[in-house]
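Now for the letters of each chain:
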Amino acid sequence: MALRGPGYEVGLSGHHGAWDNAGDLDLTQVVLDGEWSPRAIQGLEDHWVGGFRWQGEAAWSDIDRDAAAVAGGVPASADGFYTQVEYFFGAPEAWTAGTDPVIEPGGGFGLVHRYGRIDLDGATRSRNAVGLFFRPNLDRTIIKFEYQWNIEGGSTADEANDGFVASIATYF
């Protein structure tokens, strides 16, 4: 279920049911997510704060296990979250105006910071990422360049896996 208003949305979802083929082991999950954007609030759409958008999600899971699931490495619990802040500063008006714009109106550039963490029975991983993105249209395509710092903890062995990432997503 979700609650939506000008500039925000909050959602809550859950699941309880069997996850194994025999139907003997249950999985219970609860997920809370939200988004807030001052741009959608009348009077703030053209204010400098209108460029910000926050998104986040948190999930909790309880997983029944038998001896085979334990031997296979299935955790008894899993929880995690992410939080993301974007600042969209648009594009030069000359790029979006006229009969043949370089990019569609509503497209442009922005900055993004995302932090996430997951815990699988004490095996933890977290990621801190900072990047620059480009949207050639309002909501269908994004091209992003970011640097990610990956941190392992608990029973997870430390890895040298920080790095630069380039990605593109479209029609999502």
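Placed above this text is the structure.
This report concerns the structure included in the present document. Treat the numbers as computed from the prediction; the structure is a model and nothing was measured.

**Remarks on the sheet that holds strand β2 (residues 8-18)**
The antiparallel open sheet is built from nine strands, whose spatial order is β1-β2-β3-β4-β5-β6-β7-β8-β9. Only two strands of the sheet have a single neighbouring strand rather than two, namely β1 (2-5) and β9 (163-170). Each strand of the sheet is rotated relative to its neighbour by a mean of 15°, with strand direction disregarded. Here strand β7 (residues 123-135) runs beside strand β8 (residues 141-154); their pairing, made up of twelve bridges, is antiparallel. Looking at the pairing, Leu 132 lines up with Phe 145 of β8.

**Describing the environment of Ser 155**
When you line up the elements, Ser 155 lands in the loop between β8 and β9. Residue Ser 155 is classed as exposed on the basis of its relative accessible area, which comes to 61%. Between the alpha carbons of Ser 155 and Ala 97 there is a distance of 54 Å; along the sequence they are 58 residues apart. Once residues lying within four places of it in the same chain are set aside, the contact partners of Ser 155 are Gly 122 and Ala 123.

**What to know about the packing of aromatic side chains**
Scanning all chains against the criterion turns up six aromatic pairs. Each ring, one from Phe 109 and one from Phe 134, has its centre 4.8 Å from the other, and the planes form 35°; the classification is tilted. Of the two residues, Phe 109 sits in strand β6 (residues 108-120) while Phe 134 sits in strand β7, which places them 25 residues apart along the sequence. Taking relative accessible area as the criterion, Phe 109 reaches 23% and is therefore assigned partly exposed. The ring of Tyr 82 carries the charged tip of Arg 114 above its face, separated from the ring centre by 3.8 Å.

**A short note on the pairing of strand β3 (residues 26-36)**
By the bridge criterion, eleven bridges tie β2 to β3 in an arrangement that is antiparallel. Across the sheet, His 15 pairs through a bridge with Gln 29, a residue of β3. Where β3 and strand β4 (residues 52-63) come together, ten bridges link them in antiparallel fashion. For Gly 34, the partnering residue across the bridge sits in β4 and is Gly 56.

**A look at the pattern of salt bridges**
In this structure the tally under the stated criterion is eight salt bridges. Here Arg 53 and Glu 86 are joined by a salt bridge, their closest N and O atoms 3.3 Å apart. Placement of the pair is Arg 53 in strand β4 and Glu 86 in strand β5 (residues 77-90), with a sequence separation of 33 residues. Take Glu 86: its relative accessible area is 9%, and that puts it in the buried class.

**A word on the layout of surface pockets**
Gaps left between atoms show up when a probe the size of a water molecule is rolled over them. As a volume, the largest pocket reaches approximately 450 Å³. Surrounding the largest pocket, 20 residues form its lining, Glu 35, Ser 37, Arg 39, Arg 53 and Asp 139 being those nearest its centre. Among the secondary structure elements, those contributing two or more residues to the lining of the largest pocket are β2, β3, β4, β5 and β7.

**A word on the side chain of Ser 61**
Within the secondary structure, Ser 61 is located in strand β4. At 3.2 Å, the side chain of Ser 61 and the side chain of Gln 29 are in polar contact. With residues near it in sequence (within four places) discarded, Ser 61 still touches Leu 27, Thr 28, Gln 29, Ala 76, Ser 77 and Ala 78.

**Looking at the side chain of Thr 156**
Along the polypeptide, Thr 156 turns up in the loop between β8 and β9. Classification of Thr 156 by relative accessible area gives buried; the value is 16%. Those residues in contact with Thr 156 that sit more than four places away from it in its chain are Ala 123, Thr 124 and Arg 125.

What counts, and where the lines are drawn
- Residues numbered from 1 in each chain as written.
- Predicted model: local features only at pLDDT ≥ 70, side-chain atom pairs only at ≥ 80, totals over all residues.
- Heavy atoms only, no water.
- Pairing = 2+ DSSP bridges.
- Helix = DSSP H or I, 4+ residues; strand = E, 2+ residues; numbered from the N terminus.
- Axes fitted to C-alpha atoms, helices over the stretch in contact; angles between N-to-C directions.
- Buried < 20%, exposed > 50% of the residue type's maximum accessible area, 1.4 Å probe, protein only.
- Contact = heavy atoms within 4.5 Å.
- Phe/Tyr/Trp six-rings, centres within 6.5 Å; stacked < 30°, edge-to-face > 60°.
- Lys NZ or Arg CZ within 6 Å of the ring centre and 35° of its normal.
- Salt bridge = Lys/Arg side-chain N within 4 Å of Asp/Glu carboxyl O.
- 1 Å grid on protein atoms, 1.4 Å probe; cavity = no way out; pocket = protein on both sides within 12 Å on 5 of 7 lines; lining within 4 Å.
- Points joined across faces, edges and corners; volume = space filled by probe spheres on them.
- Polar contact = N/O pair within 3.5 Å; in protein donor to acceptor, adjacent residues only side chain to side chain.

Function-wise, these values are silent; they only describe arrangement.
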